[in-house]
Amino acid sequence: MTSLRRTAATALLGFLVALGVAQPPAGAEPPAPPPLAAPAAATAPAPAAAEFNVRDYGAVGNGSTNDTSAINKAITAANTAGGGIVRFPSGTYESKNTIRMKSNVTLQLDAGSTISGNGADTYDPPESNQWDDYQDYGHSHFHNAMIYGDNLTNIGFTGSGVIDGDGALITGNPKSGEADKIISLTRCKNLTLSGITLREGGHFAALINNCDNVVSDRLVIDTAMDRDGWNIISTTNVKITNAHLEANDDALAFKSDYALGAKLDNGHVTVTDSYLSAGCCNALMFGSETCGDFTDYRFERITIKGSDKSGLGLVSMDGAKISDVHYKDITMTDVRSPIMQKVGTRKRCGNNPGVGSISNITYTNIKATGTTPSFSPTLWGESGSGRIHDITFTNVDITVPGGNGTMSTNPPSNDPKDYNPKAIGTRPAYGWYIRNADNVRFTDSEVRFAANDGRPAVIANNTTGIRFDRFTAQRGSNSPSDLLFQTVNGYCLANSANTGGGALRVSQTGSSQNCDGGGPSPTRYEAENAAYSAGSTVDSDHAGFSGTGFVNTANAVGAYVEWTMNATTAGTADIVLAYANGTTTARPMDITVNGVTVAAASPFAGTGAWTSWRTVTLPVALKAGANTVRATATTASGAPNLDYLDGPA
């Protein structure tokens, strides 16, 4: 794994003051003029935050002098003054002791500046914790860090400099005087962590517990030689953008432990436009510490490269209810377990936890390739209240290594107290293994293997209501079936096929089929019957299309296909566009409905071959009656080949 070893891009800090003037509505009679008054004073811009240069407080920045005392003096001065920016000009500021953050203080690291750790073993000792037994040592102690703060408000770490553990931080349980994390914050509110680089963080580059209102943009973490990147624990209202996190253990983990002596809520989180990499462990992870409940998470436009456990891991081990989590536009490569959901019964939490649950989770536009050996993508719930339910996969394409022979299709072994994907034995399905889960739906999704495999593509065990719409699976030469349903109440397979175009083979034991309740079938509008721009042709030379052909537009900006579709009632509905792009370059299009753009320059990435058809689902506002839906190319390559539009029944 490549270590960043570079300073993050220069951050720009500014304030925008917007002024507005109210106007009477057009045509309205003007109001009577007010009595004369002295002119109002012009609105003054907000005053700049006071600045406290660490060099003014004795810091040298020569890489050898211990500058901790000067840094803490500058922090105290800023806090005493009511708040301010503690500035680090270019230089290396050796810190042999713990830097103690205070409220209303932002550390600004200028380009070329580094706060460096030191192995003198003179950091603050770990505090005692009566709840030590409920989580690992590193989660239970906070004082033993390069930078520590508790019960703080309005704090920040900004700029474009580096905070570097410099090999001095401990990855295991530290002795007194040793630190095991760079930034350690508890009970904080209004935290900004942007622009800087955290390097060689020991056990954690950053660990926050019970914080609220966290904003992070362009944060870089390089702890690929140590352990965790960023652990966000029992924290609410988080917005992370443009992060680049490379870790050996968990890269970005959302957890809820009992280190502060209570079960605390988590949620209202968005993570977008980011890159994650994990060596031994998990890239984007919930858990394993899961005491308090989690709700309202959005992960979009994320690239994951490398993970020896889970790419997208979501486990409830200690009684947490995890719900309303949504993954969209995520690409994963070299992940050992691409998607893992598990409810366990470890119950390592105070206040007598029960068994947790996982529900209302969606995966949209996910593409993953695994490594050898691999763990099949898995949904594993517990019986009773610990079942997994209401899980939706839309346009989820997973390629696993494969290479297994035929094997028993009985449920594999499972350690319910271990969250690791390997805690479940070799899955008897090369693709999806689903157990104790209800209301699971796959739409426009696919599973393949790199090497021939003798197992079924999918096994569902002890499940209620599982549906496959336009699902594609590769068939092993010796596999007994493609889909196996074991004690499944209500399975449905519609418009699905193997990768060769043939019907999927279904086997079942103790199961029933039920395709009712899936809602009415959508109305299909074939592209060859739609309007299209000059220079477009209707072709049929690439197999796998619907209807009698597809539209191949001219290679030009503005090339389009326009459908007229009908809606019985006004409201929001999903439309589905089917396309193929046999190139390795995206062919973006603007999607408009009744002249209103609903998706600007949507990428329509390569599908691997012109015979590989994919779909994009968009929620749109429709009026009752006729609606026009237009897909318009925004680059000189033109549009991808367009097959059909599905609209409401």
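Taken as a whole and judged by the stated rule, the model has 31 salt bridges. In this structure, Arg470 engages Asp444 in a salt bridge whose closest nitrogen and oxygen atoms are separated by 2.5 Å. Separated by 26 residues along the polypeptide, Arg470 in the loop between β31 (458–469) and β32 (472–473) and Asp444 in the loop between β29 (437–443) and β30 (446–451) bring together distant segments of the chain. Considered together, Arg470 and Asp444 belong to a single accessibility category, that of buried residues. Notably, a salt bridge pairs Glu562 with Arg630, separated by 2.8 Å at the nearest N-O pair. Placement of Glu562 in strand β41 (residues 560–567) and of Arg630 in strand β46 (residues 625–633) is noted, with a sequence separation of 68 residues between them.

Adjacent strands of a sheet pair through backbone hydrogen bonds, lying either parallel or antiparallel. If you walk across this open sheet you meet the 5 strands as β38-β41-β46-β43-β44, and the pairing is antiparallel. Each edge of the open sheet carries a strand with a single partner, namely β38 (531–532) and β44 (596–602). As paired elements, strand β43 (residues 589–593) and β44 share 4 bridges and run antiparallel to each other. Within β44, the position partnered with Thr592 by the bridge is Thr597.

Moving on: the packing of aromatic side chains. For the structure shown, the criterion picks out 26 aromatic pairs. Taking 5.5 Å as the distance between ring centres and 75 degrees as the angle between the ring planes, the aromatic pair formed by Phe254 and Tyr297 counts as edge-to-face. Of this pair, Phe254 sits in strand β20 (residues 252–256) while Tyr297 sits in strand β23 (residues 294–316), placing them 43 residues apart in sequence. For the pair shown, Phe254 and Tyr297 are each scored as buried. A ring pair is formed by Tyr297 and Phe299, whose centres lie 6.2 Å apart and whose planes are at 25 degrees; its orientation type is stacked. A relative accessible area of 0% means that Phe299 is categorised as buried. Sitting above the plane of the Tyr644 ring, Arg524 keeps its charged end 3.6 Å from the centroid.

About the criteria used
Positions within a chain are numbered from 1, following the residues in the order the chain's sequence is written. The predicted nature of this model means local features are confined to residues of pLDDT at least 70 and side-chain atom pairs, given and counted, to a pLDDT of 80 or more, with totals for whole chains, interfaces and linings taken over all residues. Side-chain metrics in this entry use all non-hydrogen atoms of the structure; hydrogen atoms and water are not considered. Salt bridge criterion: a side-chain nitrogen from Lys or Arg within 4 Å of a carboxyl oxygen from Asp or Glu. Helix and strand definitions here come from DSSP, where helices need a minimum of 4 consecutive H or I residues and strands a minimum of 2 consecutive E residues; each element is numbered from the N-terminal end. Burial classification: accessible surface area is computed with a 1.4 Å probe over protein chains only, and a residue below 20% of its type maximum counts as buried, one above 50% as exposed, and the rest as partly exposed. We treat two strands as partners when DSSP finds at least two bridges between them. By convention, a stacked pair of Phe, Tyr or Trp rings (six-membered ring in the case of Trp) has centres within 6.5 Å and planes under 30 degrees apart, an edge-to-face pair has planes over 60 apart, and any other such pair is tilted. A ring has a charge above it when a Lys NZ or an Arg CZ is no more than 6 Å from the ring centre and no more than 35 degrees off the ring normal.

None of the figures reported here should be taken as evidence of function without further support.
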